Amino acid sequence: MTKQIIITEVALRDGSHAVAHQYTAEQVTRVVRGLDAARVPYIEVSHGDGLGGSSLQYGLSGTNEMELIEAAVAACRNSKIAVLLLPGIGTVKELKEAAALGVKMARIGTHVTEADVSAQHIAKAKELGLETVGFLMMSHMAPVEKLVEQAKLMESYGADAVYMFDSAGALLPHQVKERVHALRQSLQVDIGFHGHNNLSLAMANTLAAIEEGAVRIDGSIRCLGAGAGNTQTEVLTAVLDQLGCQTGIDLYQIMDVAEEIVAPLLQVPQEITRDSLVLGYAGVYSSFQLHARRAAKQFGIDARDILIELGKRKVVGGQEDMIIDVAAELARSRAVVL
Ligand SMILES: CC[C@H](O)CC(=O)C(=O)O
Ligand SMILES: [Mn+2]
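Because the structure is predicted, anything quoted here is derived from the model rather than measured.

1. Focus on the UniProt feature "binding site: substrate" (unreviewed entry) in the protein
The UniProt record annotates "binding site: substrate" (unreviewed entry) at Arg13, Asp14, Ser167, His194 and Tyr285. Of the annotated set, the members that line the largest cavity are Arg13, Asp14, Ser167, His194 and Tyr285. Mapped onto the elements, serine 167 comes out in the loop between β6 (161–165) and α7 (173–186). At 2.8 Å, the side chain of serine 167 forms a polar contact with the backbone nitrogen of methionine 138. Within the secondary structure, histidine 194 is located in strand β7 (residues 190–194). According to the relative accessible area criterion, histidine 194 is buried, its value standing at 1%. Every residue in contact with histidine 194, bar those within four places of it in the chain, is listed here: Val10, Arg13, Asp14, Tyr163, Met164, Phe165, Asp166, Asp218 and Asn230.

2. Things to note about the coordination of the manganese ion (ligand 2)
Around the manganese ion (ligand 2), the protein supplies Asp14 (OD), His194 (NE2) and His196 (NE2) as donor atoms, at distances of 2.0 to 2.2 Å. Read in sequence order, the donor residues for the manganese ion (ligand 2) give the motif D-x179-H-x1-H. In terms of burial, histidine 194 and histidine 196 fall into one category: buried.

3. A short note on the site of ligand 1
Around ligand 1, the structure places 13 residues, and the nearest of them are Arg13, Asp14, His17, Asp49 and Ser167. Histidine 194 is positioned such that a nitrogen or oxygen atom in its side chain is 3.2 Å from an oxygen atom of ligand 1. Here an oxygen atom of ligand 1 and a side-chain polar atom of histidine 196 are 3.2 Å apart. When the free accessible area of ligand 1 is taken as 300 Å², the share hidden by the protein chains comes to 97%. Looking at side-chain class alone, the shell around ligand 1 contains four nonpolar, six polar and three charged residues.

4. Quick notes on the domain arrangement of the protein
When cut into domains, the protein gives domain 1 (6–265) and domain 2 (287–337). Relative placement of domain 1 and domain 2: their C-alpha centres are 27 Å apart. Every contact between the two is made by 10 residues of domain 1 and, on the other side, 11 residues of domain 2. Roughly 820 Å² is buried in total at the junction of domain 1 and domain 2, and carbon and sulfur atoms are behind 58% of that figure. Here domain 1 is connected to domain 2 by zero salt bridges. Seen at the junction of domain 1 and domain 2, the total is one residue pair in polar contact (both at pLDDT 80 or more).

5. Observations regarding the layout of surface pockets
The computed volume of the largest pocket comes to approximately 680 Å³. Forming the walls of the largest pocket are 30 residues, and the residues nearest its centre are His17, Ala18, Val19, Ala20 and Leu290. For the lining of the largest pocket, the elements supplying multiple residues, two or more each, are α1 (15–18) and α12 (288–299). Tallying contributions element by element places α12 first for the lining of the largest pocket, with five residues. Counting only domains with at least three residues in the lining of the largest pocket, you end up with domain 1 (6–265) and domain 2 (287–337). In this structure, the second largest pocket spans a volume of roughly 240 Å³. Along the walls of the second largest pocket sit 17 residues, with Pro87, His111, Glu114, Met137 and Gly317 positioned nearest its centre.

6. A look at the sheet that holds strand β1 (residues 6–9)
Strand pairing in a sheet relies on backbone hydrogen bonds, with the paired strands running either antiparallel or parallel. In space, the eight strands of this closed barrel follow the order β1-β2-β3-β4-β5-β6-β7-β8, with parallel pairing throughout. Taking each pair of neighbouring strands and ignoring which way they run, the sheet shows an average axis angle of 25°. Bridge count for strand β5 (residues 131–137) against β6 is four bridges, and the pairing is parallel. Counterpart to leucine 136 in the pairing with β6 is methionine 164. Taken strand by strand, helix α9 (residues 233–242) contacts β1 and β8 (216–219), and its axis lies near 170° from that of β1.

7. Examining the UniProt feature "binding site: Mn(2+)" (unreviewed entry) in the protein
Those places that UniProt annotates as "binding site: Mn(2+)" (unreviewed entry) correspond, in this numbering, to Asp14, His194 and His196. These residues run over 183 residues, yet every pair of their C-alpha atoms falls within 10.5 Å of each other. Of the annotated positions named here, the largest cavity is lined by Asp14, His194 and His196. With respect to the element layout, aspartate 14 can be found in the loop between β1 and α1. Take aspartate 14: its relative accessible area is 3%, and that puts it in the buried class.

Each value, and the rule that gives it
- Residues numbered from 1 in each chain as written.
- Chains lettered and ligands numbered in written order.
- Predicted model: local features only at pLDDT ≥ 70, side-chain atom pairs only at ≥ 80, totals over all residues.
- Heavy atoms only, no water.
- UniProt positions renumbered as here; feature names shortened; annotations may be inferred.
- 1 Å grid on protein atoms, 1.4 Å probe; cavity = no way out; pocket = protein on both sides within 12 Å on 5 of 7 lines; lining within 4 Å.
- Helix = DSSP H or I, 4+ residues; strand = E, 2+ residues; numbered from the N terminus.
- Polar contact = N/O pair within 3.5 Å; in protein donor to acceptor, adjacent residues only side chain to side chain.
- Buried < 20%, exposed > 50% of the residue type's maximum accessible area, 1.4 Å probe, protein only.
- Contact = heavy atoms within 4.5 Å.
- Donors = N, O, S within 2.8 Å, 3.2 Å for Na, K, Ca; no water.
- Near = heavy atom within 4 Å.
- Areas by Shrake-Rupley, 256 points an atom, 1.4 Å probe, with all protein chains shown as cover.
- Nonpolar A, V, L, I, M, F, W, Y, C, P; charged D, E, K, R; others polar.
- Domains from an automatic or database assignment.
- Buried area = accessible area lost by both parts, 1.4 Å probe.
- Salt bridge = Lys/Arg side-chain N within 4 Å of Asp/Glu carboxyl O.
- Points joined across faces, edges and corners; volume = space filled by probe spheres on them.
- Pairing = 2+ DSSP bridges.
- Axes fitted to C-alpha atoms, helices over the stretch in contact; angles between N-to-C directions.

Listed below in structure tokens is the structure:
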């Protein structure tokens, strides 16, 4: 595999879920400086749920995300700062603000069956001169044909690349291969992949995606991300180097950022816990983990039961309020049985 792989580092966005959206501008500056020195091409910075995500529904940010973005842009010499926007959560107003701060890439995401809601935001991002990526979340929930159909919509709206997101960390390598293969057959633009490690398959799935032609990959330093986190950037850098793929990232430098700057930020290392394992097993949005844990505590029940029930109900991003409803129902039904 002699390929050029373009990595986007997502610890300062997806990893925001893992720290309950409490990054400070000082932390962002230190991490971005390190990533920039390691020559990571893109660094995503936003609330975990994207621009405008700070709310009671999704979790309040400790620091206004525009301040974090400004700090990130100021800390870059080489890397480009990307932002996430989920239409319905973020708006064009925030996209404009981010662009004015010097952001270079917009990543517009929708649920895997709802690409049509991204048309306006993709067009606006392009108009603002941003490199624009479309991504389809919870891609395990749609059959391959549906995924391809939705990806083609994003391409038709002007996306420069389309990613499939394994948001629940539920896909197995052969399923990733099948999906990326089909996307590669049908799209002209670059294909990307974003994995979660809930079933310990983020790296295997990433390599499966690359084998089938994905050239844009999300990584997260020290795995910092929702659920069990994402494909670990520094490990991916080493593995791709062994495979003869080029990332342009300095391996020792990225290892040092992981060890010396990111690890000390973590209260506990990012690992596969029983709750994150259930996210992958039940096919539930990784960002639901912290909400489910809180609800479990509040109602005196097991977070795994909540997550399994959410999986059965096929709950998707934006339905965070259902977590409390499900927890309350489960607690009630148990009280009746007793
Ligand atoms: C809530 C947005 C979500 O975290 C986006 C993402 O990273 C994913 O779907 O995996
Ligand atoms: Mn994610």
